[in-house]
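In case you want the letters, here they are:
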Amino acid sequence: MWISDSSAAVDTLKEAAGSQDTGWIMHHVLYARELDLTPFGIIHLPQFHLFGMDLSITKHVVFMWIAVLLLVLAFIAARKSYQKSLIPRGITNLLEVLIVFVRDEIAKPTIGHGFEKFLPYLLTCFFFILTCNFLGLIPWGSTATSNISVTATLATISFFVIQIGGIMKNGFFGYFKGLIPHGIPFWLLPIMFVVELLGLFTKPFALAIRLFANMTAGHIVIMALLGLIFILRTYFVVPVSISFALFIFLLEILVALIQAYIFTMLSSLFIGMAYHQEH
Amino acid sequence: MLLADLFVVALAGGGESGGPLDVNPGVILWTVVTFIFLLLILKKIAWKPILKSLNERESFIKESLEKAEVAKKDAEKLIADNKQSMLKAEEEAKKIIDQGREYAVKLKSQILDESKLQAKKMIEDAAGEIERKNAEAYNKLKEQVADIAIQSAEKILRENLDKEKQIKLVKKYLDDLSKN
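In this report, the structure presented in the accompanying data block is examined. Computed from a prediction, not measured in an experiment: that's the story for all the values here. All residue numbers refer to position in the chain's written sequence, counted from 1. All chains are assigned letters beginning with A, and all ligands numbers beginning with 1, in the order in which they are written. Where local features are concerned, this predicted model is filtered to residues with pLDDT of at least 70; where side-chain atom pairs are given and counted, the filter is 80 or more; whole-chain, interface and lining totals use all residues. The side-chain numbers reported here are obtained from all heavy atoms of the structure, hydrogens and water having been left aside.

**Let's talk about the overall build of chain B**
Point 1. For helices the rule is a DSSP run of H or I covering at least 4 residues; for strands it is a run of E covering at least 2, with both sets numbered from the N terminus onward. When helices and strands are tallied, chain B shows three helices and zero strands.
Point 2. For chain B, the α and β elements follow one another from N to C terminus as α-α-α.
Point 3. Under the scheme applied here, a residue whose accessible area is under 20% of the maximum for its type counts as buried, over 50% as exposed, and between as partly exposed, the area being computed with a 1.4 Å probe on protein chains only. By residue count, 16% of the 180 residues in chain B fall in the buried class.
Point 4. Each accessible area is a Shrake-Rupley result for a 1.4 Å probe, and residues are judged covered by the shown protein chains and nothing else. Of the roughly 15,000 Å² of accessible surface on chain B, a fraction of 62% belongs to carbon and sulfur atoms.

**Re a positive patch on the surface**
Point 1. Distance thresholds for patches are 9 Å for like charges and 5 Å for nonpolar side chains (Val, Leu, Ile, Met, Phe, Trp, Tyr), applied to residues having over 30% relative accessible area and no salt bridge. The working definition used for a salt bridge is a side-chain nitrogen of Lys or Arg within 4 Å of a carboxyl oxygen of Asp or Glu. Neither His nor the chain termini are counted; the positive set is Lys and Arg, and the negative set is Asp and Glu. Where a charge lies is defined by one atom per residue type, namely NZ (Lys), CZ (Arg), CG (Asp) and CD (Glu). A surface patch of positive charge is lined by Arg-79 of chain A together with Lys-43, Lys-44 and Lys-48 of chain B.
Point 2. At three residues, the largest contribution of residues to the positive patch is made by helix H2 (residues 25-159) of chain B.
Point 3. Structurally, Lys-48 of chain B can be placed in helix H2.
Point 4. On the basis of relative accessibility, which here comes to 58%, the residue Lys-48 of chain B falls in the exposed class.

**A few points about unusual backbone geometry**
All names here are of chain A.
Point 1. A positive phi angle, near 65°, is found at Trp-140, a position not held by glycine.
Point 2. Relative to the assigned elements, Trp-140 resides in the loop between helix H5 (119-135) and helix H6 (148-170).
Point 3. Among the residues examined, Trp-140 registers a relative accessible area of 43% and is labelled partly exposed.
Point 4. The backbone of Arg-233 shows a phi angle near 55°, a positive value even though the residue is not glycine.
Point 5. Counting through the fold element by element, Arg-233 comes out in the loop between helix H8 (189-232) and helix H9 (237-275).

**A closer look at the nonpolar core**
Proteins that are soluble and globular tend to have nonpolar side chains buried together.
Point 1. Counting 73 residues, the largest nonpolar core has Phe-75, Ile-99, Tyr-121, Phe-127, Phe-128 and Phe-263 of chain A together with Trp-47 of chain B as the members making the most contacts within it.
Point 2. Counting residues per element, the ones that place at least two in this core are helix H3 (59-84), helix H4 (91-111), H5, H6, helix H7 (172-179), H8 and H9 of chain A together with H2 of chain B. As used in this record, nonpolar core signifies buried Ala, Val, Leu, Ile, Met, Phe, Trp, Tyr and Cys residues forming a set joined through side-chain atoms within 4.5 Å.

**Remarks on the side chain of Thr-31 of chain B**
Point 1. In this structure, Thr-31 of chain B sits in helix H2.
Point 2. Thr-31 of chain B gets classed as buried once you look at its relative accessible area, which sits at 0%.
Point 3. Setting aside residues no more than four positions away along its own chain, Thr-31 of chain B makes contact with Met-64, Val-150 and Thr-153 of chain A. Every residue pair with non-hydrogen atoms within 4.5 Å of one another is taken to be in contact.

**Topic: a negative patch on the surface**
Point 1. Where like charges cluster on the molecular surface, the negative patch consists of Glu-63, Glu-66, Glu-69 and Glu-76 of chain B.
Point 2. With respect to the helices and strands, Glu-66 of chain B occurs in helix H2.

**Thoughts on a nonpolar patch on the surface**
Point 1. Taken together, the side chains of Phe-134, Leu-246, Phe-247, Leu-250, Leu-251, Ile-253, Leu-254, Leu-257 and Ile-258 of chain A present a nonpolar region at the surface, about 780 Å² in accessible area.
Point 2. Counting residues per element, the nonpolar patch draws most heavily on H9 of chain A, at eight residues.

Below, the structure is given as structure tokens:
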């Protein structure tokens, strides 16, 4: 019974997918030109084009701005609290834990000497990604980091920080010379150079894909689990769907934290590798 | 299986806004702008002052701990010194008491000995005196007894010389006696 039902479900789903019925899932994950606040209505975002580019404000851009706003407000509060006394209170405690975590657990061990220069970038990166990840978990929210354009841009910024950090420390030629490991036969040099050069680009590419895939997958799984209710058209699947979706949701909270950590951690690691090439 | 289907559909462009791997230049631009803006503003309002405060506090805590450590060491040294001096004082006091006790015992035995000696001497003296007095008294008695015997003998002898004289003598004697 169950098997026939579920195979039927797959068929239904295939059919539904074919007839654009999965649109609602993708709609949730993909670019949207409006803020869907159902049942309160839909806010249409301004669209404009400049120099032949589509510079419309999308849902993800709005949520990035919300993240910026939240972060700025939170840190203004934290700064005020520090001006009053050195003892943290309230939200400052939370922010301080994260700041100290990024400083002592991410930047200091991976970059080592001279990590202070990269701390503002790493902290901003961590808090921005974390906030964006969490904004996707609140009702009517949307995960800006589940957009490949956003994650690719963040990874590109990370790429530039890595290269500029390495070049500033080791000099332009010194940096590229340092990319090639010592003690390899000289006829391997051209190949190694190409490989290492490619490595420079694969690192941020992996960063972008990892963040994007992790933040997208959870949402799609939740949507799919809830979608089962409508596809199977039975109430019996409701407890299963809801409990699984809840589990995935809790997992997503974890993933939101872990991905912010991993992105920052790996960026920091790559910066450290570019900065101290002798290691 | 379901998800795979979904994803294939999604990648094939199931939605009206394109697939999830489509890159939107507008979003890229906005991300760059947003991130750079956030980086600059947070660097100014948050990272610099907060990191400074954190460092300040850390160095303050470190200093306080070091100070506390030093103070603790000082206090420990002081306590050890106190203990030592107390032990020393105790030892000294004990020594003094012992000395006093020893002295007292010595004094006691000395006094006892002395007094015993004195008493013995006094007893001896007293015994000697008594003996002497006894001898004296005995000698006196002896002399007296001799005297009396001689006198009596004399008187008896005189009486035997003559009657008249004897009577006279008795009379005189009696007179003497009555006179006395």
